[in-house]
Amino acid sequence: MSAPSVVAVPSKTRRRRRIIWISSALVLVALAMAALSLGDAAIPVPDVFAALFGRGDSGTRLVVVGWRLPRVVLGAAIGAMLALSGALFQVITRNPLGSPDILGFSAGAYTGALLVIIGGSVSTAALTAGAVGGGVAAAALVFVLVAWRGASGTRLIIVGIALTAMLGAVNTMIELAADDVVAHTAAIWGAGSLNGIDGRWIPVILVTLALGGFAITALAPGLTLYELGEDRATSLGVRPVRLRISAMLIGVVLLAVTIAAAGPIAFVALAAPQIARRVWRSGPMPFAASAMTGAVLLLFSDLLAARLFAPTMLPTGLVTIGIGGLYLAWMLSGANRRRR
(Lines give C-alpha, C1' and ligand atoms only; values in the text may rest on other atoms or scores of the structure.)
Protein backbone atom coordinates (compact mmCIF):
# COMPACT_ATOMS: atom_id res chain seq x y z
CA MET A 1 0.00 0.00 0.00
CA SER A 2 1.36 3.38 -0.90
CA ALA A 3 1.99 6.01 1.72
CA PRO A 4 -0.64 8.75 2.06
CA SER A 5 0.03 11.89 0.12
CA VAL A 6 1.27 14.93 1.96
CA VAL A 7 -1.43 17.55 2.34
CA ALA A 8 -0.19 21.00 1.47
CA VAL A 9 -0.45 23.55 4.24
CA PRO A 10 -2.39 26.64 3.08
CA SER A 11 -0.28 29.79 2.74
CA LYS A 12 -2.48 31.58 5.30
CA THR A 13 -1.74 28.86 7.85
CA ARG A 14 1.98 28.99 7.06
CA ARG A 15 2.00 32.76 7.59
CA ARG A 16 0.13 32.40 10.87
CA ARG A 17 2.54 29.77 12.16
CA ARG A 18 5.53 31.85 11.05
CA ILE A 19 4.16 34.81 13.03
CA ILE A 20 3.65 32.57 16.09
CA TRP A 21 7.23 31.26 15.80
CA ILE A 22 8.64 34.77 15.60
CA SER A 23 6.47 35.94 18.50
CA SER A 24 7.46 32.95 20.63
CA ALA A 25 11.15 33.55 19.92
CA LEU A 26 10.79 37.21 20.89
CA VAL A 27 9.02 36.25 24.13
CA LEU A 28 11.80 33.76 24.90
CA VAL A 29 14.47 36.41 24.30
CA ALA A 30 12.56 38.93 26.42
CA LEU A 31 12.29 36.47 29.30
CA ALA A 32 15.99 35.64 29.01
CA MET A 33 16.95 39.31 29.07
CA ALA A 34 14.71 39.91 32.09
CA ALA A 35 16.33 37.00 33.92
CA LEU A 36 19.81 38.33 33.07
CA SER A 37 18.94 41.88 34.08
CA LEU A 38 16.79 41.50 37.20
CA GLY A 39 18.12 40.38 40.55
CA ASP A 40 19.45 41.63 43.85
CA ALA A 41 21.95 43.56 41.73
CA ALA A 42 19.86 44.94 38.86
CA ILE A 43 21.81 45.44 35.65
CA PRO A 44 20.59 47.69 32.81
CA VAL A 45 19.83 45.87 29.56
CA PRO A 46 22.57 47.70 27.57
CA ASP A 47 25.12 46.55 30.16
CA VAL A 48 23.76 43.00 29.84
CA PHE A 49 24.34 43.07 26.08
CA ALA A 50 27.83 44.48 26.63
CA ALA A 51 28.66 41.69 29.09
CA LEU A 52 27.37 39.02 26.71
CA PHE A 53 29.75 40.30 24.03
CA GLY A 54 32.73 40.41 26.41
CA ARG A 55 32.64 44.14 27.10
CA GLY A 56 31.92 46.12 30.25
CA ASP A 57 33.46 45.79 33.69
CA SER A 58 34.54 42.47 35.10
CA GLY A 59 31.97 42.49 37.91
CA THR A 60 29.07 42.83 35.50
CA ARG A 61 30.46 40.10 33.26
CA LEU A 62 30.80 37.79 36.26
CA VAL A 63 27.17 38.31 37.31
CA VAL A 64 25.68 38.10 33.81
CA VAL A 65 27.86 35.46 32.14
CA GLY A 66 29.18 33.53 35.12
CA TRP A 67 26.10 33.38 37.35
CA ARG A 68 22.89 34.18 35.48
CA LEU A 69 23.49 32.98 31.92
CA PRO A 70 23.98 29.29 32.83
CA ARG A 71 20.65 29.34 34.68
CA VAL A 72 18.88 30.88 31.68
CA VAL A 73 20.40 28.41 29.22
CA LEU A 74 19.63 25.45 31.45
CA GLY A 75 16.10 26.71 32.16
CA ALA A 76 15.24 26.99 28.47
CA ALA A 77 16.82 23.62 27.62
CA ILE A 78 15.20 21.80 30.55
CA GLY A 79 11.81 23.28 29.65
CA ALA A 80 12.23 22.07 26.06
CA MET A 81 13.26 18.58 27.21
CA LEU A 82 10.31 18.26 29.58
CA ALA A 83 7.93 19.36 26.84
CA LEU A 84 9.37 16.86 24.34
CA SER A 85 9.10 14.08 26.90
CA GLY A 86 5.48 14.97 27.60
CA ALA A 87 4.69 15.17 23.89
CA LEU A 88 6.08 11.68 23.30
CA PHE A 89 4.02 10.12 26.08
CA GLN A 90 0.87 11.95 25.03
CA VAL A 91 1.29 10.50 21.53
CA ILE A 92 1.96 7.00 22.88
CA THR A 93 -1.12 7.08 25.10
CA ARG A 94 -3.17 9.18 22.66
CA ASN A 95 -4.36 11.06 25.74
CA PRO A 96 -3.66 14.69 26.78
CA LEU A 97 -3.19 13.44 30.35
CA GLY A 98 -0.42 11.07 29.26
CA SER A 99 2.31 13.01 30.99
CA PRO A 100 5.33 11.47 32.77
CA ASP A 101 4.19 13.33 35.90
CA ILE A 102 0.97 11.31 35.87
CA LEU A 103 2.28 8.03 34.43
CA GLY A 104 4.71 7.53 37.33
CA PHE A 105 7.91 7.97 35.32
CA SER A 106 8.84 11.23 37.06
CA ALA A 107 8.37 9.57 40.45
CA GLY A 108 10.54 6.64 39.36
CA ALA A 109 13.33 8.90 38.12
CA TYR A 110 13.11 10.86 41.37
CA THR A 111 13.39 7.65 43.39
CA GLY A 112 16.50 6.59 41.46
CA ALA A 113 18.20 9.94 41.92
CA LEU A 114 17.10 10.11 45.56
CA LEU A 115 18.76 6.78 46.29
CA VAL A 116 21.98 8.12 44.79
CA ILE A 117 21.81 11.27 46.95
CA ILE A 118 21.07 9.26 50.10
CA GLY A 119 24.02 7.05 49.19
CA GLY A 120 26.27 10.10 49.43
CA SER A 121 26.94 10.88 45.77
CA VAL A 122 25.90 14.09 44.01
CA SER A 123 28.13 13.81 40.96
CA THR A 124 26.64 14.53 37.55
CA ALA A 125 27.24 10.99 36.28
CA ALA A 126 25.81 9.30 39.38
CA LEU A 127 22.68 11.46 39.52
CA THR A 128 22.06 11.01 35.80
CA ALA A 129 22.52 7.24 35.97
CA GLY A 130 20.28 6.96 39.03
CA ALA A 131 17.50 9.07 37.52
CA VAL A 132 17.61 7.30 34.15
CA GLY A 133 17.65 3.89 35.84
CA GLY A 134 14.72 4.77 38.09
CA GLY A 135 12.71 6.24 35.22
CA VAL A 136 13.28 3.24 32.95
CA ALA A 137 12.41 0.84 35.77
CA ALA A 138 9.16 2.71 36.48
CA ALA A 139 8.25 2.79 32.79
CA ALA A 140 8.96 -0.93 32.41
CA LEU A 141 6.85 -1.71 35.48
CA VAL A 142 3.91 0.33 34.18
CA PHE A 143 3.98 -1.34 30.78
CA VAL A 144 4.34 -4.82 32.31
CA LEU A 145 1.33 -4.21 34.56
CA VAL A 146 -0.89 -3.17 31.66
CA ALA A 147 0.51 -5.47 28.95
CA TRP A 148 -1.72 -8.43 29.78
CA ARG A 149 -4.85 -6.35 29.12
CA GLY A 150 -3.46 -4.20 26.29
CA ALA A 151 -1.45 -1.00 26.70
CA SER A 152 -4.32 1.43 26.15
CA GLY A 153 -3.89 5.06 27.17
CA THR A 154 -6.53 4.91 29.90
CA ARG A 155 -5.01 1.82 31.54
CA LEU A 156 -1.53 3.34 31.39
CA ILE A 157 -2.76 6.49 33.12
CA ILE A 158 -4.64 4.62 35.86
CA VAL A 159 -1.67 2.36 36.61
CA GLY A 160 0.67 5.35 36.43
CA ILE A 161 -1.38 7.28 38.99
CA ALA A 162 -1.25 4.31 41.34
CA LEU A 163 2.51 3.91 40.85
CA THR A 164 3.07 7.64 41.45
CA ALA A 165 1.24 7.40 44.77
CA MET A 166 3.19 4.32 45.87
CA LEU A 167 6.56 5.78 44.88
CA GLY A 168 5.66 9.01 46.67
CA ALA A 169 5.25 7.02 49.88
CA VAL A 170 8.53 5.19 49.22
CA ASN A 171 10.37 8.46 48.64
CA THR A 172 9.00 9.90 51.88
CA MET A 173 10.15 6.84 53.83
CA ILE A 174 13.62 7.08 52.27
CA GLU A 175 13.92 10.74 53.27
CA LEU A 176 12.69 10.07 56.83
CA ALA A 177 15.23 7.27 57.27
CA ALA A 178 18.14 9.36 56.03
CA ASP A 179 20.54 11.58 57.95
CA ASP A 180 18.96 14.97 58.77
CA VAL A 181 21.37 17.00 56.63
CA VAL A 182 21.11 14.64 53.66
CA ALA A 183 17.33 14.41 54.00
CA HIS A 184 17.05 18.22 54.10
CA THR A 185 19.19 18.49 50.96
CA ALA A 186 17.11 15.83 49.21
CA ALA A 187 13.85 17.53 50.21
CA ILE A 188 14.99 20.91 48.84
CA TRP A 189 16.19 19.28 45.62
CA GLY A 190 12.97 17.29 45.42
CA ALA A 191 10.90 20.47 45.15
CA GLY A 192 12.33 20.99 41.66
CA SER A 193 14.30 24.19 41.24
CA LEU A 194 16.90 26.00 39.16
CA ASN A 195 18.25 27.63 42.33
CA GLY A 196 21.84 26.55 42.75
CA ILE A 197 22.08 24.75 39.41
CA ASP A 198 25.53 25.28 37.92
CA GLY A 199 27.29 25.23 34.59
CA ARG A 200 28.54 21.64 34.94
CA TRP A 201 25.13 20.51 33.72
CA ILE A 202 25.21 22.55 30.49
CA PRO A 203 27.10 19.96 28.36
CA VAL A 204 24.97 17.09 29.67
CA ILE A 205 21.67 18.92 29.15
CA LEU A 206 22.49 20.33 25.70
CA VAL A 207 23.90 17.04 24.37
CA THR A 208 20.86 15.12 25.67
CA LEU A 209 18.50 17.69 24.13
CA ALA A 210 20.29 17.53 20.77
CA LEU A 211 20.35 13.72 20.67
CA GLY A 212 16.75 13.53 21.81
CA GLY A 213 15.72 16.03 19.15
CA PHE A 214 17.43 14.02 16.40
CA ALA A 215 15.82 10.81 17.65
CA ILE A 216 12.35 12.37 17.76
CA THR A 217 12.84 13.74 14.23
CA ALA A 218 13.56 10.19 13.04
CA LEU A 219 10.46 8.83 14.82
CA ALA A 220 8.15 11.72 13.87
CA PRO A 221 6.67 10.19 10.67
CA GLY A 222 5.79 6.98 12.50
CA LEU A 223 4.38 8.90 15.47
CA THR A 224 2.20 10.97 13.15
CA LEU A 225 0.72 7.79 11.66
CA TYR A 226 0.38 6.23 15.14
CA GLU A 227 -1.86 9.12 16.20
CA LEU A 228 -4.29 8.09 13.45
CA GLY A 229 -4.81 4.73 15.15
CA GLU A 230 -2.72 1.64 15.78
CA ASP A 231 -4.44 -0.49 13.11
CA ARG A 232 -4.07 2.15 10.44
CA ALA A 233 -0.46 2.79 11.38
CA THR A 234 0.28 -0.94 11.18
CA SER A 235 -1.27 -1.14 7.73
CA LEU A 236 1.03 1.68 6.60
CA GLY A 237 4.17 -0.11 7.75
CA VAL A 238 4.57 1.18 11.33
CA ARG A 239 5.56 -1.32 14.02
CA PRO A 240 3.59 -0.05 17.04
CA VAL A 241 5.39 -2.04 19.75
CA ARG A 242 8.84 -1.00 18.54
CA LEU A 243 7.64 2.60 18.12
CA ARG A 244 6.19 2.72 21.65
CA ILE A 245 9.32 1.28 23.22
CA SER A 246 11.61 3.66 21.31
CA ALA A 247 9.49 6.70 22.14
CA MET A 248 9.22 5.61 25.78
CA LEU A 249 12.99 5.25 26.16
CA ILE A 250 13.65 8.63 24.55
CA GLY A 251 11.02 10.30 26.72
CA VAL A 252 12.30 8.71 29.92
CA VAL A 253 15.91 9.72 29.21
CA LEU A 254 14.91 13.32 28.43
CA LEU A 255 12.86 13.44 31.62
CA ALA A 256 15.38 11.70 33.86
CA VAL A 257 18.29 13.95 32.91
CA THR A 258 16.24 17.04 33.78
CA ILE A 259 15.34 15.50 37.14
CA ALA A 260 18.99 14.70 37.86
CA ALA A 261 19.92 18.32 37.12
CA ALA A 262 17.08 20.29 38.71
CA GLY A 263 14.83 17.87 40.55
CA PRO A 264 11.27 16.98 39.51
CA ILE A 265 9.71 20.10 37.94
CA ALA A 266 6.07 19.19 37.51
CA PHE A 267 3.40 19.98 34.93
CA VAL A 268 5.62 21.44 32.17
CA ALA A 269 5.56 18.07 30.41
CA LEU A 270 1.77 17.96 30.79
CA ALA A 271 0.87 21.49 29.75
CA ALA A 272 3.43 22.54 27.11
CA PRO A 273 2.47 20.05 24.35
CA GLN A 274 -1.24 20.80 24.66
CA ILE A 275 -0.68 24.56 24.75
CA ALA A 276 1.48 24.26 21.63
CA ARG A 277 -1.15 22.17 19.90
CA ARG A 278 -3.83 24.77 20.59
CA VAL A 279 -1.72 27.81 19.72
CA TRP A 280 -0.21 26.35 16.54
CA ARG A 281 -3.52 24.63 15.64
CA SER A 282 -1.64 21.56 14.57
CA GLY A 283 -3.15 18.19 13.71
CA PRO A 284 -0.20 15.90 14.54
CA MET A 285 1.78 16.59 17.70
CA PRO A 286 3.98 19.66 17.02
CA PHE A 287 7.22 18.56 18.68
CA ALA A 288 9.31 21.64 17.82
CA ALA A 289 6.51 23.96 18.92
CA SER A 290 6.14 21.96 22.14
CA ALA A 291 9.84 22.41 22.87
CA MET A 292 9.57 26.16 22.31
CA THR A 293 6.48 26.35 24.55
CA GLY A 294 8.22 24.36 27.28
CA ALA A 295 11.24 26.68 27.18
CA VAL A 296 9.03 29.77 27.45
CA LEU A 297 6.89 28.24 30.20
CA LEU A 298 9.84 27.23 32.37
CA LEU A 299 11.73 30.52 31.93
CA PHE A 300 8.56 32.42 32.83
CA SER A 301 7.97 30.21 35.89
CA ASP A 302 11.58 30.56 37.02
CA LEU A 303 11.44 34.34 36.67
CA LEU A 304 8.31 34.39 38.84
CA ALA A 305 9.95 32.07 41.36
CA ALA A 306 13.01 34.29 41.59
CA ARG A 307 11.32 37.70 41.73
CA LEU A 308 7.79 37.21 43.12
CA PHE A 309 8.89 37.28 46.78
CA ALA A 310 12.38 38.72 46.29
CA PRO A 311 14.86 38.45 47.90
CA THR A 312 13.39 35.02 48.81
CA MET A 313 13.70 32.68 45.83
CA LEU A 314 11.01 30.04 45.56
CA PRO A 315 11.65 26.62 44.02
CA THR A 316 10.67 26.76 40.36
CA GLY A 317 8.63 23.59 40.79
CA LEU A 318 6.21 25.34 43.15
CA VAL A 319 5.34 27.88 40.47
CA THR A 320 4.96 25.28 37.72
CA ILE A 321 2.66 23.26 40.01
CA GLY A 322 0.49 26.36 40.49
CA ILE A 323 0.37 27.12 36.77
CA GLY A 324 -0.06 23.47 35.83
CA GLY A 325 -2.81 22.95 38.38
CA LEU A 326 -4.79 25.87 36.94
CA TYR A 327 -4.23 24.54 33.42
CA LEU A 328 -5.31 21.01 34.39
CA ALA A 329 -8.48 22.33 36.05
CA TRP A 330 -9.26 24.39 32.94
CA MET A 331 -8.63 21.45 30.62
CA LEU A 332 -10.81 19.06 32.63
CA SER A 333 -13.63 21.61 32.95
CA GLY A 334 -13.49 22.16 29.19
CA ALA A 335 -13.75 18.41 28.62
CA ASN A 336 -16.81 18.25 30.89
CA ARG A 337 -18.47 21.13 29.00
CA ARG A 338 -17.91 19.37 25.67
CA ARG A 339 -19.52 16.16 26.99
CA ARG A 340 -22.65 18.10 27.94
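Quick note: structure is the one above.
Sequence order as written defines residue numbering, which begins from 1 separately in each chain. For this predicted model, a pLDDT threshold of at least 70 governs which residues receive local features, and a threshold of 80 or more governs which side-chain atom pairs are given and counted, while totals over whole chains, interfaces and linings are taken from all residues. The side-chain quantities take in all heavy atoms of the structure and omit both hydrogens and water.

**Describing the overall build of the protein chain**
Argument step 1. A count of helices and strands for the protein chain gives 14 helices and zero strands.
Argument step 2. Beginning at the N terminus, the succession of helices and strands in the protein chain can be written as α-α-α-α-α-α-α-α-α-α-α-α-α-α.
Argument step 3. Throughout, radius of gyration means the C-alpha value; the globule benchmark is 2.2 Å times the number of residues raised to the power 0.38. Taken over C-alpha atoms, the radius of gyration comes to 21 Å for the protein chain, in line with the 20 Å a tight globule of 340 residues would show.
Argument step 4. In terms of principal-axis extent, the alpha carbons of the protein chain reach across some 65 × 55 × 40 Å. By the criteria applied, helices consist of DSSP H or I runs no shorter than four residues and strands consist of E runs no shorter than two, each listed in order from the N terminus.

**Some details on the nonpolar core**
Argument step 1. Throughout, nonpolar core names a set of buried Ala, Val, Leu, Ile, Met, Phe, Trp, Tyr and Cys residues whose side chains join them through atoms within 4.5 Å. Only protein chains enter the accessibility calculation, which uses a 1.4 Å probe; a residue whose area is less than 20% of its type maximum is buried, one above 50% is exposed, and one in between is partly exposed. In terms of nonpolar packing, the biggest core is built from 76 residues, with I78, F105, I197, W201, I205, L223 and F287 touching the most fellow members.
Argument step 2. Contact criterion: two residues are considered in contact whenever any of their non-hydrogen atoms come within 4.5 Å of each other. Apart from residues no more than four positions distant in its own chain, F105 is found in contact with F89, P100, G135, A138, A139, V142, F143, V252 and L255.
Argument step 3. Counting 16 residues, the second-largest nonpolar core is a separate cluster that includes L31, M33, A51 and V72.

**Looking at helix α3 (residues 58-93)**
Argument step 1. Here α3 contains 36 residues, and its C-alpha end-to-end distance of 51 Å stays within 8% of the 52 Å for a straight helix at 1.5 Å per residue.
Argument step 2. The bend reported for a residue corresponds to the angle between axes fitted to the seven residues ending at that residue and the seven starting there. At R68, α3 shows its maximal kink, close to 45°; a proline, P70, follows between one and four residues later.
Argument step 3. Counting buried positions along α3 yields 27 of 36 residues, so the element is predominantly enclosed.
Argument step 4. N-capping of α3 is provided by D57, with a side-chain oxygen placed 3.1 Å from the backbone N of G59.
Argument step 5. R94 sits one or two positions beyond α3 and adopts a positive phi of about 50°. Each helix should span, by expectation, one fewer than its residue count multiplied by 1.5 Å. Think of a polar contact as two N or O atoms within 3.5 Å of one another; within protein, one of them needs to be a possible hydrogen donor and the other a possible acceptor, and neighboring residues in sequence only count if both atoms come from side chains.

**Description of a nonpolar patch on the surface**
Argument step 1. Within this analysis, patches are made of residues with over 30% relative accessible area and no salt bridge. Like charges are joined at 9 Å or less; nonpolar side chains (Val, Leu, Ile, Met, Phe, Trp, Tyr) at 5 Å or less. Accessible surface is estimated by sampling points in the Shrake-Rupley manner with a 1.4 Å probe; for residues, cover comes only from the protein chains shown. Salt bridges are identified by distance alone: a Lys or Arg side-chain nitrogen within 4 Å of an Asp or Glu carboxyl oxygen. A cluster of nonpolar side chains, V45, F49, L52, F53 and V65, forms an exposed patch at the surface whose accessible area comes to about 430 Å².
Argument step 2. Broken down by element, the residue count for the nonpolar patch peaks at three residues, all from helix α2 (residues 45-52).
Argument step 3. Here F49 lies in helix α2.

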